[in-house]
Amino acid sequence: MSGSRSVAPEVEVGTMKALDVEESILEGLSNDLQDSLRPDPKMESREKAALRIQLMLEGMARKYHIKGEVKMFGSFSNGFKTGSSDMDVVLLTPLVADAVPLLKKFEAEMTPEVGIGNITKIYQASVPLLKLTDMKTGMEVDFCINNELGVRNSQLLHTYCEYDSRVLRLGRLVKDWAKKHELVGTADGCLNSYAYMLLVIHYLQTLEEPVLPNLQEMATESVLVTDMKWGCSDRWETKFWTDVSSLEPSKNTATVAELLIGFFHYYVKEFDWSSHAVCMRLNKAGENVDKFKLNTPTTKDQWYVEDPFDLRHNLAGKCSIAGKARILKKMEESLEFLKQPGGWEKACPSGNLETYLLKLRVSTSVTAHSLLEMFEEFDLTRLYFPKPESNVRMAQAYLEFSSYSSRRRAHTCNERWIADDCQLQLHYSTQHSLSEAIDQGNISTYEMASYKMQRQVFAARMMSQSGGGGSTRLGPGNFPENLMMQPGSGPPGGDPAAAAAFMWSGSAPSAGGNSQHPPRQMMQHAGPMVQMGWPNGMPPGPGNGQQGQIPPQPPGNNTARPPGPPPGPPPPEAHMVPGMANFMQMQMQQQQQKHQHQNQQMQMQQHHQQQHQQQQRPPGFLGALGEGGPSPKGFGKGKGMPTGGPPGLPVPPPPAPSHAVGPPPGLSTPLQEGPVCNISFDLKYQKNGEATF
């Protein structure tokens, strides 16, 4: 209804005067709400798509000779649908004890060729279903078997909407409001959309001059429905009055704006959540329903929203303390906003403020690396992973995606096994839930861009160690997990040796990094190894304006390899990804053989150099040394040295070989044989920026 209307005296006294709302504000609010309730242009195409999908499922049922009926239910049939509503559809068929085998037959038929995508199995739910996307309209579809209670629930709500159109409009406003504030979803401790519609109907029944009668109480003809949701066969009474055209219209003439303010006022100021239940089955005007007298046991702190037919089902049973507090806080804030000019925009702000999150529980055998690898292809931006010190068998993790479509594609991984003891159960989540987990201090954050950059750095090191040839590049599944930089750790500032060790092991003697930007620190401390061949010192990848292969090493530096860890097997505590251990072992063996060969060549060069120096000296210069004189390291007691000279001349001490004994200038570590010798030269290369010894 448009504009401000006069209301019946009892309604005005009972609701609006007590709320102290000015008439001009009510008029402005009514106009704002009318704009919000305008028909969505998407609805026509979505209704056509719903009919097309219904016919497609009926055709699949006929193909498998399944007798039954395909019906729509939920918001698409109860009157509360919007342009973003999902389509709920069910196959009602007799004599089906287990729905999953039947769903698998339909799953086999749902392919892109029939216009269906994002097939998601949710077989572990109390009502197993397939979730899919209509590729033409983007509409989400939930398909299940024999959920007859859901059909009856939708018919009941639709009948209430037929009785009074204000039910539909108020319900849509409350539903949009809850979604804007991310207050929808039992996985995050809040109510689902269906429960909010029950709150609306309960409130409209409770008014002193009710907007709605109790249609269940008025019915006389029994309608029993059998349901297996709770693991046993239950028969529920689902009767309600259907011929609403025969009923007298409501005498309550309040506008939708007045009813919206009254809705928030009722649940914030009047309703006693500790004692009363939202129960449209038993509700009457001016009365309350004692929640402790209903079928399901409850407590004082637990909210109670009874399903009108399934009397075991408390729709608020999974509401958490934090979730209930958020709902009441937003209701109270919105109540105050609606009493001000422009209140609806404040209470239900326009724009998309959603963060695209999935949450899941992971066992201790699941690693952050395995999740990053699995969800990389779905444009994962961040992983929020439980810290190892949290002594919980199944801890909570969060996946953040760049868009709604990316998250929807990632949801298709639901019920995959990621470890022997962990099957993924993915749920849409909100920023509220994530913030609560972070506030508890049990979450570490991993940036996907950082992970990709570290993988590129590692690939460059592998290429440089293999001689710079080829296109060594590690992709998903070939990146050692121990290389991942842990949040809160970083390379020691200015120490090349520690930086090299840090880049290999993923840890450092002293933590000096900023956990928000681990790859930037790695690049900053990596030295010439990272900078060679890369414009601006940055590797190709997202944000750097380049894609593709890592550039080859510059020519002329074949005698020295870039700084890095000593060759050898990875640390024993390293955890390799599946299939990576053999690859790494083979690579390290090849590197060890290569460096042994290089050491042998180096010693031979030193030997020939010393021989050349000795040949340039006067005859007999080392004659006094004889066979028993001192010899440089690596040579046997003067063997191969020139002898002889004038007798009686003093014999000066021999010059020390340039690289045979002692550390190079500026280094404190003496040279040794084997791989350690090479890392010492690498440190000189990194410290002095020279490519020669």
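Keep in mind it's a predicted model, so treat the numbers as computed, not measured.

**Some details on the overall build of the chain**
Consideration 1: Along the backbone of the chain there are 21 helices and 14 strands.
Consideration 2: The 693 residues of the chain split such that 47% are buried.

**Focus on the packing of aromatic side chains**
To describe a pair of aromatic rings, you give the distance between the ring centres and the angle between the ring planes.
Consideration 1: Scanning the model with the defined rule gives 15 aromatic pairs in all.
Consideration 2: Measuring from centroid to centroid gives 5.7 Å for Y267 and W273, while their planes differ by 35°, and the two rings are tilted.
Consideration 3: Note on Y267: relative accessible area 1%, which makes it buried.
Consideration 4: Given a relative accessible area of 9%, W273 falls into the buried group.
Consideration 5: Put simply, the rings of W177, Y203, F263, F264, Y266, Y267, F271, W273 and W303 touch in pairs and so form one group of aromatic residues.

**Some thoughts on the side chain of T296**
Consideration 1: Turning to its location among the elements, T296 is positioned in the loop between α10 (256–270) and α11 (321–338).
Consideration 2: A polar contact is formed between the side chain of T296 and the backbone oxygen of L311, at a distance of 3.5 Å.
Consideration 3: The contacts of T296, once residues within four sequence positions are left out, are Y304, L311, R312 and H313.

**Topic: the pairing of strand β2 (residues 87–92)**
Consideration 1: Along β2, six of the six residues are buried, which leaves the element largely enclosed by surrounding structure.
Consideration 2: Burial of β2 is two-sided: the residues M87, V89 and L91 facing one way and the residues D88, V90 and L92 facing the other way are all buried.
Consideration 3: Pairing of strand β1 (residues 69–73) with β2, which is carried by five bridges, proceeds in the antiparallel orientation. Looking at the pairing, K71 lines up with V90 of β2.
Consideration 4: Two strands pair when backbone bridges link them, and β2 and strand β5 (residues 140–145) are joined in this way by five bridges, in the parallel orientation. From the neighbouring strand, V89 faces β5, where its bridge partner is F143.

**Overview of the packing of α10 against α11**
Consideration 1: Relative to each other, α10 and α11 sit at 140°, their axes nearing to 9 Å. Here α11 runs oblique to α10, going by the angle between their axes. α11 is crossed by α10, and the crossing has left-handed handedness. Residue-level contacts link L260, I261, F263, F264, H265, Y267, V268 and K269 of α10 to L328, M331, E332, S334, L335 and L338 of α11.

**Focus on unusual backbone geometry**
Consideration 1: Phi is positive for E182, close to 55°, though the residue is something other than glycine.
Consideration 2: Mapped onto the elements of the fold, E182 is located in the loop between α7 (165–180) and α8 (193–206).
Consideration 3: Look at D379: it is not a glycine, yet its phi comes out positive at around 60°.
Consideration 4: Here D379 shows up in the loop between α13 (368–375) and β9 (380–386).

**Digging into the packing of helix α6 (residues 148–163) against α8**
Consideration 1: One can describe the packing of α6 onto α8 by two numbers: an axis separation of 12 Å at closest approach and a directional angle of 40°. Taken together, the axes of α6 and α8 are oblique relative to one another. You can see that α6 and α8 cross each other, and the crossing is left-handed. Packed against α6, whose contacting residues are N153, L157 and Y160, the element α8 presents Y194, M197, L198, I201 and Q205 at the interface.
Consideration 2: By residue class, the composition of the contact of α6 with α8 is six nonpolar, two polar and no charged.

**Some details on the sheet that holds strand β10 (residues 394–401)**
Consideration 1: On the basis of which strands lie adjacent, the open sheet formed by five strands has the order β13-β8-β10-β9-β14 and antiparallel pairing. Only two strands of the sheet have a single partner each, and these edge strands are β13 (427–429) and β14 (443–447). Sheet twist, expressed as the average angle between the axes of neighbouring strands with direction ignored, equals 30°.
Consideration 2: The pairing of β9 with β10 spans four bridges and is classified as antiparallel. In the sheet register, L380 faces β10, and the bridge partner there is F401.
Consideration 3: Against the sheet, α13 makes contact with β8 (357–363), β9, β10 and β14, and its axis sits at roughly 155° relative to β9, the strand it touches most.

Cut-offs applied
- Residues numbered from 1 in each chain as written.
- Predicted model: local features only at pLDDT ≥ 70, side-chain atom pairs only at ≥ 80, totals over all residues.
- Heavy atoms only, no water.
- Helix = DSSP H or I, 4+ residues; strand = E, 2+ residues; numbered from the N terminus.
- Buried < 20%, exposed > 50% of the residue type's maximum accessible area, 1.4 Å probe, protein only.
- Phe/Tyr/Trp six-rings, centres within 6.5 Å; stacked < 30°, edge-to-face > 60°.
- Polar contact = N/O pair within 3.5 Å; in protein donor to acceptor, adjacent residues only side chain to side chain.
- Contact = heavy atoms within 4.5 Å.
- Pairing = 2+ DSSP bridges.
- Axes fitted to C-alpha atoms, helices over the stretch in contact; angles between N-to-C directions.
- Parallel < 35°, antiparallel > 145°, perpendicular 65-115°, else oblique.
- Left-handed = near helix turned anticlockwise from the far one by under 90°.
- Nonpolar A, V, L, I, M, F, W, Y, C, P; charged D, E, K, R; others polar.

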